[in-house]
Amino acid sequence: MTPNLGRGACEALVDAVTLAELLNTRPVDEALRAYNRARLLRTQALRAASSGVMRLALAERGQPVRDALLGLASPGPGSRSGGASESGPGHR
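Along each chain, numbering runs from 1 in the same order as the chain's sequence is written. Where local features are concerned, this predicted model is filtered to residues with pLDDT of at least 70; where side-chain atom pairs are given and counted, the filter is 80 or more; whole-chain, interface and lining totals use all residues. As a rule here, side-chain values cover all heavy atoms of the structure and leave hydrogens and water aside.

### Overview of the confidence of the model for the chain
The condition that has to hold: Each residue carries a pLDDT score, the predictor's confidence in it, ranging from 0 to 100. The numbering of helices and of strands both runs from the N terminus, where a helix is a DSSP run of H or I of at least 4 residues and a strand a run of E of at least 2.
Confidence along the chain averages 78 in pLDDT terms, with 75% of residues attaining 70 or more. The spread of mean pLDDT over the elements of the chain runs between helix α4 (residues 84–87), the lowest at 47, and helix α1 (residues 8–25), the highest at 92.

### Section: the side chain of E11
Basically, it comes down to this: Burial classes follow relative accessibility: with a 1.4 Å probe on protein chains only, a residue under 20% of its type's maximum area counts as buried, one over 50% as exposed, and anything between as partly exposed. Pairs of residues are marked as contacts when any of their non-hydrogen atoms sit within 4.5 Å.
By the element assignment, E11 lies in helix α1. For E11, a relative accessible area of 7% translates into the label buried. Discounting chain neighbours no more than four positions away, the residues touching E11 are R42 and L46.

### Thoughts on the packing of α1 against helix α2 (residues 28–58)
In helix packing, the relevant descriptors are the interaxial angle and the interaxial distance, both defined with respect to the helix axes. The line we're drawing: The angle between two axes is taken between their N-to-C directions and runs from 0 to 180 degrees, where each axis is a line fitted to C-alpha atoms and a helix contributes only its stretch in contact. Throughout, the term roughly parallel applies to angles under 35 degrees, roughly antiparallel to angles over 145, roughly perpendicular to angles from 65 to 115, and oblique to all others. Left-handed describes a crossing in which the near helix is turned anticlockwise from the far one by less than a right angle; the clockwise case is right-handed. Residue classes follow a fixed rule: Ala, Val, Leu, Ile, Met, Phe, Trp, Tyr, Cys and Pro count as nonpolar, while Asp, Glu, Lys and Arg count as charged, and any other residue, Gly among them, counts as polar.
One way to put it is that α1 packs onto α2 with a least axis distance of 9 Å and a crossing angle of 155°. Classed by the angle they form, the pair α1 and α2 counts as roughly antiparallel. Handedness of the crossing formed by α1 with α2: right-handed. Between α1 and α2, the residues in contact are E11, V14, D15, T18, L19, L22 and L23 and V28, A31, L32, A34, Y35, R39, R42 and L46, respectively. For the contact of α1 with α2, the class distribution of residues is 10 nonpolar, 1 polar and 4 charged.

Pasting the structure below:
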């Protein structure tokens, strides 16, 4: 998975919770098999999304589409929407 989705820490937490729940409710061998099945399906979807985003980000002809999508995802310059950078520690 490429880092452009920023999912590394999130996936580690999801893996930990999923594995803990399965180990608490099933025998170890069965829990590990169920975990591997669940993780495989989830990570395949994330890999596909990551690959698609990376292709779009690197495509020269796709720059207008990429820029439009990024514009939808974030407020424009000078916007005071109260995002994390404006309300985080140390901001006055």
